[in-house]
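What follows is the residue order along each chain.
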Amino acid sequence: MRSQQGFSVQVVQRVRYSVQFNLRREPGSDVGSIVGSITHSCDRVRFSLGYTRIPLLHWDSRRQRVLPSYGMSTEINREIDRLVGEIHLFFTTSGKNTFSDTGITSRERYLVT
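All values reported here derive from a predicted model rather than from experimental measurement. (Residues numbered from 1 in each chain as written. Predicted model: local features only at pLDDT ≥ 70, side-chain atom pairs only at ≥ 80, totals over all residues. Heavy atoms only, no water.)

A. Broad picture of the nonpolar core. Phe-21, Ile-34, Phe-47, Leu-49, Ile-54, Trp-59 and Ile-76 are the most contacted members of the largest nonpolar core, which has 17 residues in total. Breaking this core down by element, the ones donating at least two residues are strand 3 (18-24), strand 4 (31-40) and helix 1 (73-93). If you tally residues by element for this core, the top one is helix 1, at five residues. (Core = buried A, V, L, I, M, F, W, Y, C linked by side-chain atoms within 4.5 Å. Buried < 20%, exposed > 50% of the residue type's maximum accessible area, 1.4 Å probe, protein only. Helix = DSSP H or I, 4+ residues; strand = E, 2+ residues; numbered from the N terminus.)

In structure tokens, the structure reads:
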């Protein structure tokens, strides 16, 4: 925090990252599994949400959410929202600027939750 003529100025470092969720499916299949991807400083971490056999017709790829027409959509979308919130909190409050600060050292790592 710097003081300048009676004003307090707080310098905030902006951390750039992206979080995406996709429906990963085999070619020709009409169902898939939800997979998350976090990208930061040219590093990427992919992880499975554990939700499998989601019909392609019930996935909104633009919003990256399950459509309400699917029975478990509320539960799945809440889990996605929770993860997005935790990831945002991690990058904005932890002081860790790279994945290597977290112990993740490879350029791309797959995690299963």
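Moving on from the coordinates now.
B. Local environment of the packing of aromatic side chains. One pass over the structure, following the stated rule, counts three aromatic pairs. Look at Tyr-17 and Phe-91: their rings are 4.7 Å apart centre to centre, the planes differ by 15 degrees, and that puts the pair in the stacked class. Separated by 74 residues along the polypeptide, Tyr-17 in the loop between strand 2 (7-9) and strand 3 and Phe-91 in helix 1 bring together distant segments of the chain. Look at Tyr-17 and you get partly exposed, because its relative accessible area is 25%. An angle of 85 degrees between the planes, with centres 6.2 Å apart, marks the rings of Phe-21 and Phe-47 as edge-to-face. Of this pair, Phe-21 sits in strand 3 while Phe-47 sits in strand 5 (residues 43-48); the two residues are 26 residues apart in sequence, bridging distant segments of the chain. (Phe/Tyr/Trp six-rings, centres within 6.5 Å; stacked < 30°, edge-to-face > 60°.)

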